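Residue-level structural notes
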Amino acid sequence: MKKKGRGLPRPSAEEKHSHNYGRRDFLKLLVLGIAGRISTPWSTATHVPSPVPLFREVAEEVGLKFHHFTGATGEFLMPEIMGAGVALFDYDNDGDLDVYLVQGTILDSAQDPRRAKFPPPPGWVPGNRLFRNLLSETGKLAFVDVTGKAGVGHIGYGMGVAVGDYDNDGFQDLYVTNFGHNILYHNNGDGTFTDVTLQAGVDDPRWSTSAAWVDYDRDGRLDLFVANYLDFTVKGNKQCYASTGERDYCTPKMYQPVPARLFHNRGNGTFEDVTEAVGIGAAVGPGLGVVCADFNGDGWPDIYVANDGAAAHLWINQRNGTFKEKSLLSGAAYNAEGAPQAGMGVTAADFDNDGDEDILKSNLTNEGCNLYVNDGRGNFYDASVELGLFRPTFPYTGFGTEWFDYDNDGWLDLFIANGAVNRIESLRGSPYPFNQNNQLFRNEGDGKRFRELTAGAGPAFAVSGVSRGAAFGDINNDGAIDIVVANNNGPARLLLNQTHSLNYNHWLLVGLQAACGNRFGIGAKIEVRQRGRKLLRRAHTDSSYLSANDVRVHFGLGEDAKIEEVIVYWPDRSTEAWDRIQADRIVTIRQGTGRGIRRKG
């Protein structure tokens with residue numbers, strides 16, 4: 001959140017082609033060596049609207065009624081502008097995705113909630129909310145609030161949520177991060193959860209943000225990485241101002257960063273804090289986004305952390321229970337000019353279909369995103385300019401993000417949830433001057449160029465807000481990936497994918513079931529082979545910002561419905577293949593039922 005300038009508003013259609021960069025912005029781009037190639041920051045957003053919108057916003061329509069409450073009373077306390085997250089997971093194992101949304105509250109206990117500048121709407125209920133999807137039992141997409149019955153309505157200053165089955169009982173559990181004490185909810189398997197934070201030993205009373213479940217030592221038990229942000233306190237709140245002289249939220253430079261933590265799963269329902277022992281304590285940064293993947297191809301999960309206003313961290317697994325921070329040596333610490341950026345959200349996947357994990361990091365307004373292309377050995381270079389992502393993301397502050405194949409053509413596309421953290425000068429006079437539009441980018445089919453489709457994606461993308469977390473998954477089981485967006489000081493939005501009406505592309509959705517340990521196969525890689533190409537995807541729930549995604553692995557197959565082979569590279573290093581899997585199906589692959597393959601290396 002390093003404040004380098006003010007956010008730019010989304011222009012009207014009439015303004016798009018008349019806007020010019022100011023001299024200061026032009027000089028910034030000239031330094032980057034690309035000013036001569038740029039006309040306006042929105043020129044790539046022009047796209048002929050489809051007769052059917054790519055996504056339709058249906059949250060209210062299907063009963064997903066949730067409004068985020070910041071608790072702001074005019075003191076500009078930093079946590080107010082940073083939350084919150086959302087999770088998509090099948091908590092009751094009935095075959096459809098349920099939704100968990102994280103809520104805020106009044107930060108200063110001395111303040112009267114009735115003094116809140118932005119009071120919640122009528123009927124609002126405090127605390128986090130769990131919405132059960134009724135699709136499997138009714139055949140219709142609809143949600144009902146089951147928070148009370150489930151016992152997951154923690155009231156605190158919520159930030160994020162991570163999903164994983166830490167005790168391998170076949171039911172996914174929740175870890176909720178807060179400004180303050182965190183919560184571990186154990187899924188009891190009967191529609192209820194139990195707060196087991198104290199007995200599990202995974203609390204952290206500081207300001208935690210994103211968290212990720214990862215089996216870093218490959219012992220079959222999910223461990224827990226928790227990113228922490230700043231040493232902010234309500235009592236120690238500093239007063240910061242915009243260039244106009246108005247009060248504004250401070251940048252992270254006003255506070256000290258707080259170390260992340262890594263908890264090792266002992267296998268008996270308890271965890272050990274191994275932060276220092278494994279080397280994670282060797283570097284400290286204001287952590288926000290987290291993603292775990294095997295970046296150097298050695299078969300062991302690594303951890304990438306987006307830090308706000310500081311170098312990102314890339315923790316490379318040393319295969320002996322320890323990590324070393326290698327972001328600078330790997331080329332994934334800074335932008336192409338060697339400058340740190342205000343990293344917010346992060347996602348990793350094989351967008352160019354070359355068999356390795358590439359990283360996308362969203363940043364502050366006037367910084368543009370980073371697209372770190374992997375050479376297959378864990379060395380990266382920032383290709384955001386040449387691949388067409390720098391220019392359109394430059395005017396925005398990005399948070400939740402994910403590589404996902406929205407149109408099922410076999411190439412991973414990109415969504416970025418946007419919303420400012422400092423006052424936007426052109427919105428001066430607005431009661432909440434932080435609104436920005438979210439963005440959708442299409443992979444042009446060769447992994448070498450992205451085209452922004454925001455303007456033509458439909459009314460759902462014309463609505464501005466202060467978006468933060470975003471979770472991705474097939475919420476209506478139709479083979480197309482949908483998005484739930486958590487908005488700061490606003491309603492949650494469900495973007496339902498409509499692209500089946502626009503193409504004849506095929507798909508496959510794969511759930512994994514490991515034989516022993518790591519029940520949902522988090523960290524496993526799945527390869528789908530079609531005629532002339534291979535698609536490699538990773539089972540995960542992490543990435544984005546403060547959020548958790550569907551653990552099922554989605555493949556867009558294009559117009560060719562023929563699947564030659566599906567190969568699973570299990571986390572325990574075993575490899576199996578299946579050759580009778582059909583397209584346009586949701587399938588569960590069980591370890592031990594395929595043809596064994598000897599893995600090289």
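Residues numbered from 1 in each chain as written. Predicted model: local features only at pLDDT ≥ 70, side-chain atom pairs only at ≥ 80, totals over all residues. Heavy atoms only, no water.

**Looking at the domain arrangement of the chain**
The condition that has to hold: Bear in mind that the domain bounds are from an automatic or database domain assignment. Working rule for contacts: check all heavy atoms of both residues, and any pair within 4.5 Å makes them a contact. Between Lys or Arg on one side and Asp or Glu on the other, a salt bridge is scored when a side-chain nitrogen of the former is within 4 Å of a carboxyl oxygen of the latter. Any residue outside Ala, Val, Leu, Ile, Met, Phe, Trp, Tyr, Cys, Pro, Asp, Glu, Lys and Arg is labelled polar, Gly included; the first ten of those are nonpolar and the last four are charged.
Each assigned domain of the chain is listed here: domain 1 (56–501) and domain 2 (506–596). Each partner contributes residues to the interface: domain 1 has 68 residues there, and domain 2 has 35 residues. Summed over the shared surface of domain 1 and domain 2, the number is one salt bridge. One salt bridge connects E357 with R538, and the closest N-O pair in it is separated by 2.8 Å. A class-by-class count of the residues in the side of domain 1 that touches domain 2 yields 29 nonpolar, 25 polar and 14 charged.

**What to know about the sheet that holds strand 36 (residues 575–578)**
Heads up, the rule is: If DSSP finds at least two bridges between two strands, the strands pair. Helix and strand assignments follow DSSP, with helices taken as H or I runs no shorter than four residues and strands as E runs no shorter than two, numbered in order from the N terminus. Each axis is a line fitted through C-alpha atoms, and for a helix only the stretch in contact is used; angles between axes span 0 to 180 degrees, taken between their N-to-C directions.
What the five strands build is an open sheet, ordered 33-32-35-36-38; its pairing is antiparallel. Of all the strands in the sheet, the pair left with one neighbour each is strand 33 (533–538) and strand 38 (595–597). The mean angle between the axes of side-by-side strands here comes to 25°, regardless of whether they run parallel or antiparallel. In this sheet, strand 33 lies alongside strand 32 (residues 525–530) in antiparallel orientation, the contact comprising six bridges. Among the inter-strand pairings, K525 is bridged to a residue of strand 33, identified as R538.

**Concerning the nonpolar core**
Across soluble globular proteins, you tend to see nonpolar side chains buried next to one another. For the record, the criterion: Working definition of a nonpolar core: buried Ala, Val, Leu, Ile, Met, Phe, Trp, Tyr and Cys residues. They are joined through side-chain atoms within 4.5 Å. Exposed residues in this analysis have more than 50% of their type's maximum accessible area, buried residues have under 20%, and partly exposed residues fall in between, with area computed by a 1.4 Å probe over protein chains only.
Formed by 32 residues in total, the largest nonpolar core has its most connected members in M78, I81, M82, W207, Y229, F232 and F434. Formed by 21 residues, the second largest nonpolar core is a distinct cluster that contains L512, A514, V553 and W578.

**Structural notes on the state of the cysteines**
Defined simply, a disulfide is a covalent bond joining two cysteines at their sulfur atoms. As a reminder, the rule being used: Here, the term disulfide refers to a pair of cysteine sulfur atoms separated by no more than 2.5 Å.
Evaluated as defined, the whole model comprises one disulfide. Each sulfur in the disulfide pair C240 and C250 lies 2.0 Å from the other. Between C240 and C250, the S-S torsion sits near 100°, and that sign places the bridge as right-handed. One end of the pair, C240, is in strand 12 (residues 240–241); the other, C250, is in the loop between strand 13 (247–248) and strand 14 (261–265), and 10 residues separate them in sequence. Neither residue differs from the other here; C240 and C250 are each classed as buried.

**Regarding the confidence of the model for the chain**
Put simply, the test is: Confidence scores per residue from the predictor, reported as pLDDT, run from 0 to 100.
Looking at the chain, the pLDDT average stands at 92 and 91% of residues meet or exceed 70. Contacts of residues 1–47 to residues separated by more than four positions or lying in other chains number 108 contacts, the stretch itself having pLDDT below 50.

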